[in-house]
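# Breakdown of the fold
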Amino acid sequence: MELIGSSYKGEMKNGKMDGKGEYTFPTETKYVGEMKEGMFHGKGVLHFPNGSKYEATWENGKAKEGSFIFADGLQYQEKDWDYCDGHDRRFYSERCNGLRPAGETQLTDLHPPRVIPDGCYDCGDGFYDPNTRVVSSYPGRFLRNAVDSEHEWIVRTCRKAWDEVVGVDREKSVATGPEETSKIN
């Protein structure tokens, strides 16, 4: 396990994960639950680095029945899903807690939003640097290299750090340009 960057803490039987344990993947995703003969088996929860989780009943390493819960507490529903459906674009926390006062824009469901490193994007599970095409976890650990389709999606849809100066350029501004006087005859 150490060879591929994962780790396991828990009960073992015949050199295999068996009983209750905690398996951590190289991506920092963590499974906490029951194991049998080296596989997820029984009740267990996958905890993702972004705070979301998948609670499931597992059989021989495969989820048989489960529920995905986003980091903000929203539980995914296959039927009657009414969140972010095109008619109501509020964040889940806004639905639960109400809208922020005027002037306090909520850019993400996390308030205040994460500070994105210069030139990078927040892609949901970490920051993406388009120059290196690397996605790193929020604490800065390597997650993956982005393939072309993921790169294009991130650049097209994800929130980006400011990489340009915004505001008024006093030298080019009409309001602060050289004073003009008009003569009235």
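Structure first, text after, so check above.
Every value quoted in this text rests on a predicted model; they were computed, and no experiment measured them.

Before going further, it helps to spend a moment on the nonpolar core. Core analysis: the largest hydrophobic core is formed by nine residues, namely Tyr8, Met17, Tyr23, Tyr31, Met35, Phe40, Leu46, Ala56 and Trp58. At the level of elements, strand E2 (16-24), strand E3 (30-36), strand E4 (39-47) and strand E5 (53-59) are the ones that each hand at least two residues to this core. Contacts of Ala56, omitting those with residues within four sequence positions, involve Gly42, Lys43, Gly44, Ala63, Glu65 and Gly66. One finds Tyr121, Tyr128, Val135 and Cys158 within the second-largest nonpolar core, a separate group that totals eight residues.

For a regular strand, side chains alternate in direction, first toward one face of the sheet and then toward the other. Inspection of the sheet shows E3 paired to E4 by six bridges, in the antiparallel sense. Within E4, the position partnered with Lys36 by the bridge is Met39. Hairpin connection, E3 to E4: the antiparallel pair is bridged by two residues, and Glu37 has positive phi, about 50°. Note: E4 against E5, six bridges, orientation antiparallel. When the bridges of E5 are listed, Gly42 appears paired with Trp58. Hairpin connection of E4 to E5: five residues between the antiparallel strands, including Gly51 at a positive phi of 100°.

Residues of helix H2 (residues 148-157) that are buried include every one of Glu150, His151 and Ile154, and no others. Along H2, the residues classed as buried sweep out an arc of 100° about the axis, all on the same side. Exposed residues pointing more than 90 degrees away from the buried face of H2 are listed as Ser149 and Arg156. On its buried face, H2 sits against strand E7 (121-122), strand E8 (127-129), strand E9 (134-136) and strand E10 (142-145).

As a further point, take the pairing of E3. Bridge count between E2 and E3: six bridges; the pairing is antiparallel. Residue pairing across strands places Gly21 opposite Gly33, the latter belonging to E3. Between the end of E2 and the start of E3, which pair antiparallel, lie five residues, with Glu28 showing a positive phi angle near 80°.

About the thresholds
- Residues numbered from 1 in each chain as written.
- Predicted model: local features only at pLDDT ≥ 70, side-chain atom pairs only at ≥ 80, totals over all residues.
- Heavy atoms only, no water.
- Core = buried A, V, L, I, M, F, W, Y, C linked by side-chain atoms within 4.5 Å.
- Buried < 20%, exposed > 50% of the residue type's maximum accessible area, 1.4 Å probe, protein only.
- Helix = DSSP H or I, 4+ residues; strand = E, 2+ residues; numbered from the N terminus.
- Contact = heavy atoms within 4.5 Å.
- Pairing = 2+ DSSP bridges.
- Arc of directions from axis to C-beta.

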